[in-house]
Protein chains: 2
Amino acid sequence: MRRLLLTIAPVALCFAVPAPAQQVDRAMVARIIDEGTTQSQVMPLVQHMTDVIGPRLTNSPQMRVAEQWAQDKFAEMGLSNVHKEGFDFGRGWSIERSSVRMVGPRPLQLTAIPIAWTPATQGALTAPIVVAPMEKAEHFAKWRGKLRGKIVLVSEPGTTRELTDPTFKRLTGEDIAKLEAYREPTYDPQRLARSADSLVFDEALAAFLADEGALAYVTKSYRDGKLLHGEGYMHQVGKTSPLPGVEIAAEDYRRLTRLVAAGQTPTLEILSDVRFDDSDAQAYNILADIPGSGGNGEYVMAGAHYDSWVAGDGATDNAAGSAMVMEAARILKSLGVRPKRTIRFALWNGEEQALYGSTAYIERHLATRPAPNGPENSNQHYYNQATRFPITRKPGYDDLAAYFNIDNGGGKLRGIYAEQNVAAMPILQQWLSPFAAMGATDVVISKTGGTDHQFMSAIGLPAFQFIQDPLEYSTLTHHSSADTFDHLRGADMRQGAIILAGMLWQAANADDKLPRTPLPRQPVATDPFATPPAED
Amino acid sequence: MRRLLLTIAPVALCFAVPAPAQQVDRAMVARIIDEGTTQSQVMPLVQHMTDVIGPRLTNSPQMRVAEQWAQDKFAEMGLSNVHKEGFDFGRGWSIERSSVRMVGPRPLQLTAIPIAWTPATQGALTAPIVVAPMEKAEHFAKWRGKLRGKIVLVSEPGTTRELTDPTFKRLTGEDIAKLEAYREPTYDPQRLARSADSLVFDEALAAFLADEGALAYVTKSYRDGKLLHGEGYMHQVGKTSPLPGVEIAAEDYRRLTRLVAAGQTPTLEILSDVRFDDSDAQAYNILADIPGSGGNGEYVMAGAHYDSWVAGDGATDNAAGSAMVMEAARILKSLGVRPKRTIRFALWNGEEQALYGSTAYIERHLATRPAPNGPENSNQHYYNQATRFPITRKPGYDDLAAYFNIDNGGGKLRGIYAEQNVAAMPILQQWLSPFAAMGATDVVISKTGGTDHQFMSAIGLPAFQFIQDPLEYSTLTHHSSADTFDHLRGADMRQGAIILAGMLWQAANADDKLPRTPLPRQPVATDPFATPPAED
């Protein structure tokens, strides 16, 4: 799941609404449960993605291996139309070796990681630090002339958080009920524009630091407890930061700033042995089908992003969802059945930077929005989507009967976000009903954002994301150095793959395609004299 | 606080017992609160210990700096009789630089730390791993002949724990009430002997690995979430492990074992640039007094261990307690008052290995137990104490009127463990009464172990440890790489120093010394036909 979320939540609905007469194919569900339980391959699949291949940063050498492996696996399972679809992305990047040490006033090995797509140091770089937190261009003036020859700490040190919630959590009925409450959607283009500009600032900061003769920059991890993340967004060709950058664990970062405040000036030694790979600037989505018998081009689709950050192995984010998608394909294919509609399986790429892969699929197959005014970085690409109207449908728009996304960690599925698609809710509820005893019970009206169903839903398509038990997703593993295979739970992963297969089967064989929401239009200023909503 | 605990808990008592007539000196308490609040130095003191000096492993160069600094500070505050008392300990050791990488099948920087008192690698050591968990000498046979030229992973990989408790916690009334419940003490010399033997096994394992031609050994961190600890116990001269050893974060360790299980054999590159310092095999307790006016040698004492492990800066364990002790000294001294009994402040050393420092003080000043049968390592030194009878009192035994220990992290004091000293409870309750509004309310009958009051209490002296809010002590910081200054809370630290000063003042000026428990004797087998209690 991408870090920046556009979350909009809506209307409580009563499920006493009479469901359509269509029957659930419980005999088929029983076969799916049996295949997904006694013959499950979901844990070997996810173990290969994480332990063996490792992190899958878009366009990295590991991702190239992963792209090929997934196609080989789909082919081995007997799927059809296995192929990759490319889109413009940028540079490949990977870490070979890294080390950050305080060499004075006392020797200390720090916990740190190179920031994605920053350049290597040439051997070890040793220099004194300066603590110069900068969050907007107005802050540059204060530091002009003071950074030459320095390693610059650009984050505010902040304080530790008191984590009074459990690290590991399953949803209670009360938690899920909260997702059923309506919150009116907001549309504030000024706010979206400000959000879109955060990477513009990052680029300006990097240029400022280089102009000032700084040697490297350091950010603080946003989680305590020595966890690291290393996200970076300057992946486009020609946009690479001129300076090496490292993220330092919060405890280590704050110690550096306190030493400075106490009159000592630490010297750091940074070794960042990272490699760029510019052999191919395209990233690739992986696609594979179980062909339908209907012969009318209609299809249903399951998707999960396959790319990850690099501090861990991208296990809960999102090898978990990718493996559930692959296992759902295996389950359905191995049952030897032929659905009415084609069932398509998608492993998206470039999700972590800006939902690039799913957006590219939309633009190629489903609908277009007006082009941006100029070249966009990943933040702008993401936030500007919501401001581009009108939407122009492509011929394939009508063919997509349902899309199911998985990207909220490795936890058990507990229900589904209906994305304000009121008409689809009773049908989704019916399809979900055989899985109630497995813990998946609720269809909630809420929207949820930050992952690949988002821009499909935003053009009116029936595209949904599942509700999942969080386990340690937000507290520990999301984007972090602890995002490894051992934080997954086999029983949860098998449940997810089974339910995904079941939902796909029912969507593929339903008499009618799922209802759609009205085609979204440019929102008007419904409340022009109101105080703008506060920033998050 | 030491990792291995001997905890024994006892009898619920009713505090409706009439308290002795003696009055609490509330005017003095008010002055202590004012001095400890508006003039507090506890945070600057603990910041210097942690950020500036850093971790204080017994006999390390940093500990030598810390020993001198504490004496200088006590002298600067105007305390008397500031001095250090030495005892035999062993080698000094510190980390200059370290790195552990997986170099194949894919490059990956691992999160790891050298194990305390293991030797350096000579430059980088690169070799394939073998997963050979060994927990007792019977396991050696399985691996004989298979370890030559290998880096040996000696821990079981285990699985991640589901942490359903909050990371950050303050005690509720219900939590404290549990400490008031009686549990009958147990005495099982066979079990103590088995516990004492764990380091005997570690030494045998190190010798076995060296004999077999292994190159280094690796243990798994016992916490998930990429935390490290690096505890090691072979600190005695002539007892150093022949092989370098590193602890690897649980996630990274388990990945290595899964890769082996999946048919791949990772190669590791270990760089452990650590240094021994054998300039002085003695460790030192730091002592300082505010002299009493009584002229009869009686004294009360506050103590905290000053030494730490090295993965973090030893902030909550136990710069926090050390700084509270120093701040209590500063508060009382700066008030310019003269207590009836001398007030002594002790910073203990070598606590983490076996309560060495406080035990040395006991043997020199308070009482002796029979000598061990032969040389002891730290585990045996610790566990064997409880089996050595009879206790022989020294002349100084009667002089110690009360001892208060602080070593449960940086959290607010909430009460005091009375260590089964039933007669002292109403008096302690009376002394604590002015601090109820600060959150310190309960005198509980329980014993608590694993820190420096333990062997004083075990010889019948009125020696107590405070109950503290845990904050993140057991979940995050205890012995870990996250044990840094920023996990301390100023308001908690000030409260602790104030209450410690208040308790010391009242104990020093009470008409009578605190009651003592009967002099402990060799326990008899009270229930010889019972099934032995289960192992923890």
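Everything that follows concerns the structure shown earlier in this document.
Residues numbered from 1 in each chain as written. Chains lettered and ligands numbered in written order. Predicted model: local features only at pLDDT ≥ 70, side-chain atom pairs only at ≥ 80, totals over all residues. Heavy atoms only, no water.

Q: Would you mind showing me how to read the overall build of chain A here?
A: Scanning chain A from N- to C-terminus turns up 16 helices and 18 strands. In terms of overall dimensions, chain A is globule-like: its C-alpha atoms have a radius of gyration of 24 Å, near the 24 Å expected for 536 residues. Overall, the C-alpha framework of chain A stretches about 75 × 55 × 45 Å when taken along its three principal axes. Counting the 536 residues in chain A, one finds 61% classified as buried. Contacts in chain A between residues far apart in sequence, at least 24 positions, make up 86% of those at least 6 positions apart. A total of about 19,400 Å² of accessible surface is found on chain A, and carbon and sulfur atoms cover 53% of it. (Helix = DSSP H or I, 4+ residues; strand = E, 2+ residues; numbered from the N terminus. Rg over C-alpha atoms; globule rule 2.2 N^0.38 Å. Buried < 20%, exposed > 50% of the residue type's maximum accessible area, 1.4 Å probe, protein only. Contact = heavy atoms within 4.5 Å. Areas by Shrake-Rupley, 256 points an atom, 1.4 Å probe, with all protein chains shown as cover.)

Q: Which parts of the structure should I look at to understand the relation of the copies chain B and chain A?
A: Each copy of the chain is related to the other by a rotation around an axis and a translation along that axis. For the pair chain B and chain A, the superposition axis carries a translation of 0.0 Å, the fit reaches an RMSD of 0.0 Å, and the rotation angle comes to 180 degrees. Within this description, the copies of the chain are treated as partners about a two-fold rotation axis. No C-alpha of chain B lies nearer the rotation axis than that of P166 of chain B, which sits 2.0 Å from it. Looking at the interface residues of chain B, 100% of them are also at the interface in chain A, so both copies use one shared face. (Least-squares fit on C-alpha atoms with pLDDT ≥ 70 in both.)

Q: Please clarify how helix 3 (residues 61–77) of chain A should be interpreted in this entry.
A: Counting along an α-helix, one turn takes 3.6 residues, and residues three or four places apart therefore face a common direction. All names here are of chain A. With 17 residues, helix 3 ought to run about 24 Å at 1.5 Å a step, and its terminal C-alpha atoms sit 25 Å apart, in line with that. Q62, M63, R64, A66, E67, W69, A70, Q71, F74 and M77 are the residues of helix 3 that are buried. Those residues of helix 3 that are buried lie in contact with helix 2 (42–53), strand 1 (80–88), strand 2 (92–104), strand 10 (282–290), helix 9 (315–334) and strand 12 (342–348). (Expected span 1.5 Å × (residues − 1).)

Q: How do you make sense of unusual backbone geometry when you look at a structure like this?
A: Across the junction of G104 of chain B and P105 of chain B, the peptide omega takes the value 10 degrees, indicating a cis bond. Tracing the sequence through the fold places P105 of chain B in the loop between strand 2 (92–104) and strand 3 (108–110). In this chain, F389 of chain B is followed by P390 of chain B through a cis amide linkage whose omega measures 5 degrees. With respect to the helices and strands, P390 of chain B occurs in the loop between helix 12 (378–384) and strand 14 (392–393). Phi is positive for Q420 of chain A, which is not a glycine, with a value near 65 degrees. Inspection of the secondary structure puts Q420 of chain A in the loop between strand 16 (413–417) and helix 13 (425–432). The exposure class of Q420 of chain A is partly exposed, given its relative accessible area of 25%.

Q: I would appreciate a short explanation of the interface of chain B and chain A in the present structure.
A: Many descriptions give the size of an interface as the accessible area lost when the pieces come together. With 47 residues of chain B in contact, the opposing surface of chain A contributes 47 residues. Where chain B abuts chain A, roughly 4,100 Å² becomes buried across the two surfaces, and 45% of that area is made up of carbon and sulfur atoms. When residues of chain B are sorted by the area they lose upon contact with chain A, R106, R258 and D486 of chain B head the list and together hold 14% of the total. Across the chain B-chain A interface, the total number found is 14 salt bridges. R101 of chain A is paired through a salt bridge with E96 of chain B; the nearest N and O atoms lie 3.7 Å apart. The tally of links from chain B across to chain A stands at 31 residue pairs in polar contact (both at pLDDT 80 or more). Of all the elements in the fold, those that place two or more residues in the side of chain B that touches chain A are helix 2 (42–53), strand 2 and helix 8 (250–261) of chain B. Its residues placed into classes, the side of chain B that touches chain A shows 15 nonpolar, 13 polar and 19 charged. (Buried area = accessible area lost by both parts, 1.4 Å probe. Salt bridge = Lys/Arg side-chain N within 4 Å of Asp/Glu carboxyl O. Polar contact = N/O pair within 3.5 Å; in protein donor to acceptor, adjacent residues only side chain to side chain. Nonpolar A, V, L, I, M, F, W, Y, C, P; charged D, E, K, R; others polar.)

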